[in-house]
Amino acid sequence: SQNRESFTSKDVIYLITPDRFANGDKNNDAFPAMLENDVDRSKLFSRHGGDIQGIIDRLDYIKKMGYTAIWSMPLLENDQKVQSYHGYSITNHYKMDPRFGTNEKFKELCVEAHKRGIKIISDIVLNHIGSGHYWMKDMPFKDWINHGTEFVSTNHRRETHQDPHRSLADKKGLVDGWFVPSMPDINQNNPYLAKYMIQNTIWWIEYAGLGGLRIDTYPYSEKSFSNAWTLAISNEYPSFNMVGEEWSLNPIIPSYWQKGKVNPDGFQSGLPSLMDFPLQNAIYEGLTEPESWNQGLLKIYSVLANDLVYPNPNNLVIFLDNHDMSRFFTQVKEDKDLFKIGLSLICTMRGIPQIYYGTEINFANPKSNEHGEIRGDFLGGWPNDVKDAVTGSQLSVNEKNTQDFLASLLNWRKGNEAVTQGKLMHFAPVDGIYTYFRYTDKSKVMVIVNKNTHESQVNSRLYKEILPSNATLTNVISGQISNLGEYIKVGPKSALIVEVN
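First, a word on what this report is: a plain description of the structure on this page.

The rules behind these values
- Residues numbered from 1 in each chain as written.
- Predicted model: local features only at pLDDT ≥ 70, side-chain atom pairs only at ≥ 80, totals over all residues.
- Heavy atoms only, no water.
- Pairing = 2+ DSSP bridges.
- Helix = DSSP H or I, 4+ residues; strand = E, 2+ residues; numbered from the N terminus.
- Axes fitted to C-alpha atoms, helices over the stretch in contact; angles between N-to-C directions.
- Contact = heavy atoms within 4.5 Å.
- Salt bridge = Lys/Arg side-chain N within 4 Å of Asp/Glu carboxyl O.
- Buried < 20%, exposed > 50% of the residue type's maximum accessible area, 1.4 Å probe, protein only.
- Core = buried A, V, L, I, M, F, W, Y, C linked by side-chain atoms within 4.5 Å.
- 1 Å grid on protein atoms, 1.4 Å probe; cavity = no way out; pocket = protein on both sides within 12 Å on 5 of 7 lines; lining within 4 Å.
- Points joined across faces, edges and corners; volume = space filled by probe spheres on them.
- Nonpolar A, V, L, I, M, F, W, Y, C, P; charged D, E, K, R; others polar.
- Expected span 1.5 Å × (residues − 1).
- Polar contact = N/O pair within 3.5 Å; in protein donor to acceptor, adjacent residues only side chain to side chain.
- Phe/Tyr/Trp six-rings, centres within 6.5 Å; stacked < 30°, edge-to-face > 60°.
- Lys NZ or Arg CZ within 6 Å of the ring centre and 35° of its normal.

Across the sheet, which stays open at both edges, the 6 strands sit in the order S11-S12-S13-S18-S15-S16 with antiparallel pairing between neighbours. Where the open sheet ends on each side, the last strands, each with one partner, are strand S11 (423-430) and strand S16 (481-483). Shown here is a sheet whose adjacent strand axes are inclined to one another by a mean of 25°, direction ignored. In the sheet, strand S13 (residues 444-450) pairs with strand S18 (residues 494-500) via 6 bridges, with the strands oriented antiparallel. Note on S18: the bridge partner recorded for Met 446 is Val 498. Against the sheet, helix H9 (residues 298-305) makes contact with S11 and strand S12 (433-439), and its axis sits at roughly 145° relative to S11, the strand it touches most.

Structure follows, in structure tokens:
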């Protein structure tokens with residue numbers, strides 16, 4: 001078990017909101033004994049009926065698309081009065097929410113996924129619990145919950161962990177405050193609670209055979225505890241990968257938490273991976289801003305230039321969107337060309353790609369940025385759905401084109417050493433053109449982004465330090481093979497991806 005496989009840069013992660021993905025078992029839609037007992041797909045924040053069986057039923061589709069890992073939002077019991085669907089208000093750490101399925105059903109998901117070469121990444125919540133947790137009725141210790149039963153909001157000042165000028169009051173306000181009134185903040189300084197959380201995590205890894213962890217709101221926990229928890233997991237499973245959520249756009253902040261970082265305050269983290277929010281924001285701004293000397297594609301170039309602050313940038317999880325932000329198709333104002341460029345970037349850039357369910361069929365949130373709309377129902381996940389993403393029934397031409405395009409990219413990526421394990425060399429953007437290479441001693445890939453609305457002729461001599469003059473180029477999407485000439489043609493508002501031989 002200590003040598004179990006975990007997710008790496010060879011993988012692509014499929015993020016799922018289980019309540020909104022597929023209803024595989026109508027019998028578990030409602031339980032009279034639970035506080036929220038209705039299923040109403042017309043309401044953004046009600047339960048919609050998706051479950052673990054629905055994910056199992058679509059494992060073959062997920063494999064066919066080219067995904068090799070699944071990160072599901074939490075599946076543990078959330079016996080809350082309202083908005084229990086999202087999973088982040090846990091009320092029992094050892095029990096699956098019965099509206100998703102049983103512990104045994106979750107284990108079945110892990111086994112069936114493993115048969116298909118798919119790893120299951122569990123979403124862990126260390127910072128807080130749900131207000132309906134049985135602990136709140138009978139606390140094991142008086143100091144089990146920060147501020148007792150009184151809601152005191154966190155100040156969200158995550159910088160206080162490393163800020164040399166911080167006040168202790170601000171630091172305490174971050175880690176002791178509650179996220180929201182329905183999420184009491186647990187006191188991780190209590191050694192019994194700390195041991196409980198560590199043992200619970202190890203138990204789930206062993207019981208279900210997990211392939212990785214994603215840790216929610218990582219910097220909101222007590223630093224000493226979160227690091228002790230991380231090191232305890234790594235001690236049991238030396239190759240196990242864990243990615244923490246640190247929603248900061250300044251690379252210095254998340255880099256503080258990555259294993260191997262030499263920090264000025266002497267702190268040594270054991271966390272292997274972070275969510276790369278700086279790159280996500282840079283891609284969004286880079287594709288939507290007008291080109292100039294200090295914006296546009298330069299934002300992507302500049303963020304990647306800051307990789308020097310990370311011990312291992314190749315182990316960062318990269319993404320275009322997730323369950324807490326507008327869909328990327330909405331971010332680029334439903335511009336199909338910019339959307340495809342974004343997909344091209346995320347599939348060829350350094351790091352571990354994560355793609356949110358529905359992205360492959362142009363999911364958007366045009367009416368609002370409410371989480372309930374962002375986490376829309378997957379097409380075909382319910383018996384009366386007109387459209388079905390799995391069979392392709394009634395999908396529009398644009399939806400099918402995106403699905404085919406992404407599947408081609410993901411399945412090609414699996415077998416390309418340069419993209420999954422190679423180094424990155426990029427060339428500063430000029431006139432709406434941004435070029436980078438992924439390469440090893442045996443393999444090389446070139447990506448040219450043309451943000452212009454016209455075809456561009458790119459002088460190949462600009463890249464002579466890495467691009468041999470006698471090279472042949474194989475277009476990854478079309479399969480067309482051509483000899484390298486003086487100029488490389490790149491279509492308007494597109495990303496050219498070629499293997500270099």
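Considering all chains together, one arrives at 29 salt bridges under this definition. Here Lys 95 makes a salt bridge to Glu 77, at a shortest N to O gap of 3.6 Å. In this pair, Lys 95 is assigned in strand S4 (residues 92-96) and Glu 77 in strand S3 (residues 76-77), connecting sequence segments 18 residues apart. Look at Lys 95 and you get partly exposed, because its relative accessible area is 37%. Measuring nitrogen to oxygen at the nearest pair gives 3.1 Å for the salt bridge that ties Arg 461 to Glu 486. Residue Arg 461 is located in the loop between strand S14 (456-459) and strand S15 (472-475), and its partner Glu 486 is located in the loop between S16 and strand S17 (487-490); the two are separated by 25 residues in the primary sequence.

What follows concerns the sheet that holds strand S6 (residues 212-216). Read from one edge of the open sheet, 8 strands run S8-S7-S6-S5-S2-S1-S10-S9, paired in parallel fashion. Two strands bound the open sheet, and with one partner strand each, they are strand S8 (273-274) and strand S9 (317-319). With 5 bridges joining them, strand S5 (residues 119-125) and S6 adopt parallel strand pairing. For Ile 121, the partnering residue across the bridge sits in S6 and is Gly 212.

With that settled, the discussion passes to the nonpolar core. By size, the foremost hydrophobic cluster in this structure holds 124 residues, and its most contacted members are Phe 106, Leu 210, Trp 229 and Ile 300. A per-element tally of this core places helix H5 (residues 191-208) first, with 9 residues. Apart from the residues lying within four places of it in its own chain, the contact partners of Leu 210 are Arg 4, Glu 5, Phe 106, Cys 110, Ile 120, Ser 122, Trp 204, Ile 205 and Phe 240. In terms of nonpolar packing, the next biggest core, distinct from the first, is built from 17 residues, Ile 448, Tyr 463, Leu 496 and Val 500 among them.

Taken as a whole, the largest pocket encloses approximately 570 Å³ of empty space. Around the largest pocket, the lining comprises 25 residues; the ones closest to its centre are Phe 179, Met 183, Asp 324, His 371 and Arg 375. In terms of residue class, the lining of the largest pocket is built from 10 nonpolar, 9 polar and 6 charged. At 3 residues, helix H12 (residues 371-374) tops the list of elements feeding residues into the lining of the second largest pocket.

For the rest of this paragraph, the subject is empty space enclosed by the protein. Over the atoms rolls a probe the size of a water molecule, and its path tells where empty space is left. Following the criterion strictly, the structure yields 2 cavities of 30 Å³ or more and no others. For the largest cavity, the calculated volume is near 230 Å³. Lining the largest cavity are 21 residues, with Leu 75, Leu 76, Ser 122, Asp 123 and Ile 124 positioned closest to its centre. Ranked by the residues each element gives to the lining of the largest cavity, the list is headed by S5, at 6 residues. Here the residues of the lining of the largest cavity are counted per class, giving 15 nonpolar, 5 polar and 1 charged. For the second largest cavity, the calculated volume is near 40 Å³. Along its surface, the second largest cavity is lined by Ile 13, Trp 71, Ile 121, Arg 214, Val 243, Met 275 and Val 317.

Take unusual backbone geometry next. When glycine is set aside, most residues are seen to have a negative phi, and most peptide bonds are trans. Positive phi, close to 70°, is recorded for His 147, a residue that is not glycine. With respect to the helices, strands and loops of the structure, His 147 is situated in the loop between S5 and helix H4 (168-176). For Lys 493, which is not glycine, the phi torsion reads 45° and is therefore positive. If you trace the backbone, Lys 493 turns up in the loop between S17 and S18.

Let's shift gears to helix H8 (residues 277-288). Taking 1.5 Å of rise per residue, the 12 residues of H8 would be expected to cover 16 Å, and the 17 Å separating its terminal C-alpha atoms lies within 8% of that figure. The buried count for H8 comes to 9 of 12 residues, which makes it a mostly enclosed element. Among the structural elements, helix H7 (252-255), H9, S9, helix H10 (328-331) and helix H11 (336-348) are those in contact with the buried residues of H8. One side-chain oxygen of the residue at the start of H8 lies 3.1 Å from the amide nitrogen of Leu 279, identifying that residue as Asp 276.

This paragraph deals with the packing of aromatic side chains. Taken as a whole, this structure holds 35 aromatic pairs when the rule is applied. Note on Phe 21 and Tyr 357: the rings are 6.0 Å apart at their centroids and 85° apart in plane angle, and the pair reads as edge-to-face. Here Phe 21 is found in the loop between strand S1 (13-16) and helix H1 (52-57), whereas its partner Tyr 357 is found in the loop between strand S10 (352-356) and H12, with 336 residues between them in sequence. Phe 21 gets classed as buried once you look at its relative accessible area, which sits at 0%. With 5.0 Å between their ring centres and 80° between their planes, Phe 179 and Tyr 220 make a pair best called edge-to-face. Taken together, the residues Phe 179 in the loop between H4 and H5 and Tyr 220 in the loop between S6 and helix H6 (223-236) connect sequence positions 41 residues apart. Exposure remark for Tyr 220: the relative accessible area of 7% places this residue in the buried category. Through a chain of ring-to-ring contacts, three or more aromatic side chains come together here, namely Tyr 94, Phe 106, Tyr 134, Trp 135, Phe 141, Trp 144, Tyr 192, Tyr 196, Trp 203, Trp 204 and Tyr 207. Lying across the ring of Tyr 85, Arg 20 places its NZ or CZ 4.0 Å from the centre. Above the face of the Phe 100 ring, Arg 47 is positioned so that its terminal group lies 5.0 Å from the ring centre.

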